[in-house]
Amino acid sequence: MGALSLTRTDTHEAMTGKQVSDEELLNVFRASNRPFMLTSDIVDNVAIQKRAVQKRLNQLEDEDRLEYQEAGSAHIWWLADGEPTEPVGTQGARLLRTAKRARRLTSFARLVATTSGGIAVFVMVSYLFLAEVPNSQIPFYTKTEVVELAFIAAIVAALGIIAWGSLGLTAYLLPRIAAERTRS
């Protein structure tokens, strides 16, 4: 009876699938010669139960690392765009997580850059209009304060553009570096 019983930890690991890392699970896809896999195919290649595999696959789909399509009662899974197609080790996994964070921050930097740029343009156009109209003034602001505000918005926009480009380049290069490190 002792050989058949599972401890609470063993049962938890079997249900959560935590003894198999995300990269090990994704490497099943990467090592396959097919572009897609069924849940049962994945279960056959890892040492965790079907329910735990399904849960982990759903988590990876929520993190935009996998995509799936339902076909009747079957789930067909494949690697999401941007995921390496070659197996990746632990070091490569860290690079991939960093690339994912960089992709998220890229969107934020783009938002900051475009919003700040829009504000700078609006404020400067307002200033030019006010400069042409004699004795005009924006309530609560002097013309000097309007110029300062436009200048600050332009600087923030420029910094946002630099961050946008840097983060975009980082998000593009890190998965390729991870795949290259795995090959060597």
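About the cut-offs
Residues numbered from 1 in each chain as written. Predicted model: local features only at pLDDT ≥ 70, side-chain atom pairs only at ≥ 80, totals over all residues. Heavy atoms only, no water. Buried < 20%, exposed > 50% of the residue type's maximum accessible area, 1.4 Å probe, protein only. Helix = DSSP H or I, 4+ residues; strand = E, 2+ residues; numbered from the N terminus. Polar contact = N/O pair within 3.5 Å; in protein donor to acceptor, adjacent residues only side chain to side chain. Contact = heavy atoms within 4.5 Å. Patch = residues over 30% accessible without salt bridge, like charges linked within 9 Å, V, L, I, M, F, W, Y side chains within 5 Å. Areas by Shrake-Rupley, 256 points an atom, 1.4 Å probe, with all protein chains shown as cover. Salt bridge = Lys/Arg side-chain N within 4 Å of Asp/Glu carboxyl O. Lys, Arg positive; Asp, Glu negative; His and termini not counted. Charge placed at Lys NZ, Arg CZ, Asp CG, Glu CD. Phe/Tyr/Trp six-rings, centres within 6.5 Å; stacked < 30°, edge-to-face > 60°. Lys NZ or Arg CZ within 6 Å of the ring centre and 35° of its normal. Pairing = 2+ DSSP bridges. Core = buried A, V, L, I, M, F, W, Y, C linked by side-chain atoms within 4.5 Å. 1 Å grid on protein atoms, 1.4 Å probe; cavity = no way out; pocket = protein on both sides within 12 Å on 5 of 7 lines; lining within 4 Å. Points joined across faces, edges and corners; volume = space filled by probe spheres on them.

## Focus: helix α2 (residues 22-31)
An α-helix turns once per 3.6 residues; consequently, residues spaced three or four apart project the same way.
Here's step 1: When you tally the buried positions in α2, you get 7 out of 10 residues, the bulk of the element.
Here's step 2: Buried within α2 are the following residues: E23, L25, L26, N27, V28, F29 and R30.

## Remarks on the environment of A154
Here's step 1: Along the chain, the position of A154 falls in helix α6 (residues 143-183).
Here's step 2: C-alpha of A154 to C-alpha of I119: the two residues are 35 residues apart in sequence and 8.1 Å apart in space.

## Focus: the side chain of R30
Here's step 1: Here R30 is to be found in helix α2.
Here's step 2: For R30, the side chain forms a polar contact with the side chain of E23, separated by 2.8 Å.
Here's step 3: Not counting the four nearest positions on each side in its chain, R30 is found in contact with E23, R65, L79, E83, P84, T85, E86, P87, V88 and L96.

## Quick word on a positive patch on the surface
Here's step 1: A surface patch of positive charge is lined by R94, R97, R101, R103 and R104.
Here's step 2: Mapped onto the secondary structure, R97 falls in helix α5 (residues 90-132).
Here's step 3: By relative accessible area, R97 is classed as partly exposed at 39%.

## Some points on the packing of aromatic side chains
We describe a pair of aromatic rings using the distance from one ring centre to the other and the angle between the two ring planes.
Here's step 1: Applying the stated criterion to the full structure yields 1 aromatic pair.
Here's step 2: When the ring centre of F36 is taken as reference, the NZ or CZ atom of R34 above it lies at 5.9 Å.

## Some details on the pairing of strand β2 (residues 66-71)
Here's step 1: In this structure, β2 lies alongside strand β3 (residues 74-79), joined through 6 bridges in antiparallel fashion. Note that in β3 the partner of A71 across the bridge is A74.
Here's step 2: Between β2 and β3, which follow one another and run antiparallel, lie 2 residues, and G72 among them has a positive phi close to 70 degrees.

## Some words on the nonpolar core
Here is a general trend for soluble globular proteins: nonpolar side chains tend to be buried in one another's company.
Here's step 1: Counting residues in each nonpolar core, the largest one holds 17 residues, and the members touching the most others are F29, I42, V46, V53, L57 and L66.
Here's step 2: Those elements that provide at least two residues to this core are α2, α3 (39-43), α4 (50-62) and β3.
Here's step 3: Look past the residues within four positions of I42 in its chain and what remains in contact with it is L25, V28, F29, M37, V53, L57 and W77.
Here's step 4: The next biggest cluster of nonpolar side chains, apart from the first, holds 6 residues, and it includes V88, L95, L174 and A178.

## Looking at empty space enclosed by the protein
Here's step 1: The tally for this structure, following the rule as stated, stands at 1 cavity of 30 Å³ or more.
Here's step 2: Of the voids in this model, the largest cavity is the one considered here, and its volume is about 60 Å³.
Here's step 3: R65, G82, E83, P84, L96, A99, K100, R103 and P175 are the residues that line the largest cavity.
Here's step 4: No other element matches the 4 residues that α5 contributes to the lining of the largest cavity.

## Remarks on the environment of T115
Here's step 1: Inspection of the secondary structure puts T115 in helix α5.
Here's step 2: The sequence separation of T115 and A153 amounts to 38 residues, and the corresponding C-alpha distance is 8.8 Å.

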